[in-house]
Amino acid sequence: MSSPRTVTRPAQAEIPVLHDVDVIVMGGGPGGVGAAVAAARSGAKTLLIERYGFLGGMATAGHVNPWMPNHLDGKPLDSGVFMEWCRRIEALGGMKLPARAFCPETAKLAAEQLCLEAGAKILYHAMLDRPLMNGDKIDCVLALGKSGLGAHRAKVYVDTSGDADLAARAGCPFEFGRAEDGAVQPMTSNFDLANVEIARMPDRKIIQEKYDRARAEGRIQCPRENVLYFKTVEEDRIHFNTTRIVGAKGTDTLSFSEAEIEGRRQIAQFIKFLREEISGFENARLHSMGTQIGVRETRRVKGHAYLTRADYERCAKFPDSVCRVTYPIDIHNPSGTGTEITHLPQGEWYEIPYGCIVPQGCSNLLVGGRPISVDHAVHSSMRVMPPACTLGQACGTAAALCAERGLNPIQLDGKEVKQKLIEQGVWLVDVPAGGSPAGSTERRDRTAKVLSA
Ligand SMILES: Cc1cc2nc3c(=O)[nH]c(=O)nc-3n(C[C@H](O)[C@H](O)[C@H](O)COP(=O)(O)OP(=O)(O)OC[C@H]3O[C@@H](n4cnc5c(N)ncnc54)[C@H](O)[C@@H]3O)c2cc1C
């Protein structure tokens, strides 16, 4: 029965089963690219489903730049699919390693090439509707495209939607935001300005003083405390990650939509401020914005392992680790102004164990990328794109092993997944000081400086 505030969907006609594969990866961001490449290369018949018409997630649709450094001793820890993605972007002319700025359009090309060459099939313009369950297993997923609903079946599923959409709809328990009030990190609409005379730009201190004044006098209404900007792959272009939309929820359609509008309002205000008050920007013009606003945080699944700030502080290590992280805790204040940056001791890292990518409540699902089983603080560190990609790679590797052996992810020994990742070139082995991890790039990025993501 419908009520005045709800309607009832009529019984659905038969839905065609469009794919029957070993592994389905839901969402083609950094996590999904890592997962699809790894699953397909491991021999699994793999389908990657993505709501947009291109891959890359926040790196492309969200206009997020540059890759934040997840480095140890100047070398990238994410030396598997993530570094292959970077090298492919470089080969296509879209970045110059070891610099971390990249061209998002080239990142789309490179991600697609890597997935297709690995043997994965890609289904674009398909948005997850819901899974159909058989007990605690996903039987198939329904995805909505231009031709209506289609069903897609696999033995094992990987949720790399960034928001754990598939896990949540499959009934997996999850957390949302920080423990005390469920508030999440703010959203940001990223944008680039072109035609900037970079040589004439004042230093950051002067920009900061002018920004503080503009905020105090009401010419800028943005809760962010500073102007965060980066150089790009082009000589006259500056990338801004500086708008801040507080209290918006990326899993709520209305809130998500309102955040887009508020993000663009702030962008227009920033452009006016920069053109009128900051030298070098007099003739700047809007070059590009994200296809969507950047969403930092929504759900985090509850998995068979769970990492907390205390684990971060003790630089926790695990025999079945699938990812190493040095990037700091980086929490943009969910309530307004301020950003917490808490670094690990120099030369230290923490590890994410296999159980953090195996959710409770659904037996044929893994979760990669940012919504894994960690608390609000650890999430703020591991969410950056390089480890998100490696966590996807771990899921794809595990999913292929499970599909081949008829196992559930929880039945798999995480130490075997770690060993496979090492064979694929991911830096999970200890090396002597000055040594080089298997598969890592020799190039150094000693100037890598964290400015917050
Ligand atoms: C404003 C902002 C600034 C940041 N700055 C940096 C930075 O400078 N450097 C850095 O390294 N990291 C940065 N990050 C973090 C990083 O971009 C993300 O945490 C990372 O991209 C997460 O990767 P992911 O694959 O888990 O998710 P995403 O990148 O969000 O990818 C998810 C993919 O799934 C698709 N999808 C989602 N839902 C569905 C659905 N229901 N059906 C079908 N497809 C779906 C999406 O379209 C997308 O392609 C920033 C993030 C934000 C929001």
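> Looking at this model, I keep getting lost on the side chain of Ser381. Mind explaining?
Summarising the element assignment, Ser381 is placed in helix α8 (residues 376-382). Discounting residues that sit within four places of it in the chain, Ser381 has contacts with Tyr312, Val325, Tyr327, Pro328, Ile329 and Tyr350.

> Even after reading the chapter, I still don't get the nonpolar core, so can you show me in this structure?
General note: in soluble globular proteins, nonpolar side chains tend to be found buried as a group. Of all hydrophobic cores here, the largest spans 77 residues; its most connected members are Trp67, Trp85, Ile352 and Ile357. Of the residues forming this core, the biggest block, 11 residues, is contributed by helix α9 (residues 385-405). Excluding residues that lie within four positions of it along the chain, Ile357 makes contacts with Val322, Leu366, Val367, Ile372, Leu391, Ala394 and Cys395.

> What is the right way to look at the pattern of salt bridges in this model?
Where charged atoms from two side chains of opposite charge come close, those side chains can pair. Under the criterion given, the structure shown has 31 salt bridges. Asp163 is paired through a salt bridge with Arg370; the nearest N and O atoms lie 3.0 Å apart. You can see Asp163 sitting in the loop between β8 (148-159) and α4 (165-169) and its partner Arg370 sitting in the loop between β19 (365-367) and α8, a full 207 residues away along the chain. Arg370 shares its class with Asp163; the two are buried. With a shortest N-O distance of 3.1 Å, Lys272 and Glu276 are connected by a salt bridge. A residue pair is termed a helical-turn pair when its members lie 3 or 4 positions apart in one helix, as Lys272 and Glu276 do in helix α6 (residues 253-277) at 4 residues. Overall, the relative accessible area of 49% leaves Lys272 in the partly exposed class.

> Hey, could you run me through the sheet that holds strand β12 (residues 238-240) in this one?
Neighbouring strands of a sheet are bound in pairs by backbone hydrogen bonds; such pairs are parallel or else antiparallel. Spatially, β11-β12-β10-β13 is the arrangement adopted by the 4 strands of the open sheet, whose pairing is antiparallel. Only two strands of the sheet have a single partner each, and these edge strands are β11 (229-231) and β13 (285-289). Each strand axis lies, on average, 30° off the axis of its neighbour in the sheet, ignoring direction. Lying on the sheet, α6 is in contact with β10 (191-194), β12 and β13; it crosses β10 at an angle near 30°.

> How do you make sense of the domain arrangement of the protein chain when you look at a structure like this?
A common way to express how large an interface is: the accessible area buried when the components associate. Split by domain assignment, the protein chain resolves into domain 1 (17-179 + 299-423) and domain 2 (191-289). Using C-alpha coordinates to define each centre, domain 1 is positioned 29 Å away from domain 2. Both sides together, the interface formed by domain 1 and domain 2 hides about 1,400 Å², and carbon and sulfur atoms give 59% of it. Taken as a group, His63, Phe176 and Thr337 account for 34% of the area that domain 1 buries against domain 2, more than any other trio of residues on that side. The tally of links between domain 1 and domain 2 comes to 0 salt bridges. Taken together, the connections running from domain 1 to domain 2 amount to 11 residue pairs in polar contact (both at pLDDT 80 or more). Along the lines of polarity and charge, the residues of the side of domain 1 that touches domain 2 split into 9 nonpolar, 10 polar and 3 charged.

> How should the pairing of strand β7 (residues 137-145) be read in this particular structure?
Looking along a regular strand, one sees side chains alternate from face to face of the sheet. In this sheet, β7 lies alongside strand β6 (residues 127-134) in antiparallel orientation, the contact comprising 7 bridges. Bridging across to β7, Asn134 finds its partner in Lys137. With antiparallel pairing between neighbouring strands as the criterion, β6 and β7 make up a hairpin whose turn holds 2 residues, including Gly135 at a positive phi of roughly 65°. Note: β7 against β8, 6 bridges, orientation antiparallel. Opposite Ala143, over in β8, you have Gly150 as the bridge partner. Taken together, β7 and the strand that follows it, β8, pair antiparallel across an intervening segment of 2 residues.

> Explain the site of the ligand here, please?
Taken together, 37 residues sit near the ligand, with Glu50, Arg51, Pro66, Arg370 and Arg383 positioned nearest. In the environment of the ligand, an oxygen atom lies 2.6 Å from a nitrogen or oxygen atom belonging to the side chain of Glu50. Ala453 places a main-chain nitrogen or oxygen 3.1 Å from a nitrogen atom of the ligand. The protein chains hide 99% of the 1,000 Å² of surface that the ligand would expose on its own. Going through the elements one at a time, α1 (30-41), β6 and α9 are the ones with two or more residues in the shell around the ligand. When residues of the shell around the ligand are assigned to their parent elements, the largest contribution, 3 residues, is made by α9.

The rules we used
Residues numbered from 1 in each chain as written. Predicted model: local features only at pLDDT ≥ 70, side-chain atom pairs only at ≥ 80, totals over all residues. Heavy atoms only, no water. Helix = DSSP H or I, 4+ residues; strand = E, 2+ residues; numbered from the N terminus. Contact = heavy atoms within 4.5 Å. Core = buried A, V, L, I, M, F, W, Y, C linked by side-chain atoms within 4.5 Å. Buried < 20%, exposed > 50% of the residue type's maximum accessible area, 1.4 Å probe, protein only. Salt bridge = Lys/Arg side-chain N within 4 Å of Asp/Glu carboxyl O. Pairing = 2+ DSSP bridges. Axes fitted to C-alpha atoms, helices over the stretch in contact; angles between N-to-C directions. Domains from an automatic or database assignment. Buried area = accessible area lost by both parts, 1.4 Å probe. Polar contact = N/O pair within 3.5 Å; in protein donor to acceptor, adjacent residues only side chain to side chain. Nonpolar A, V, L, I, M, F, W, Y, C, P; charged D, E, K, R; others polar. Near = heavy atom within 4 Å. Areas by Shrake-Rupley, 256 points an atom, 1.4 Å probe, with all protein chains shown as cover.

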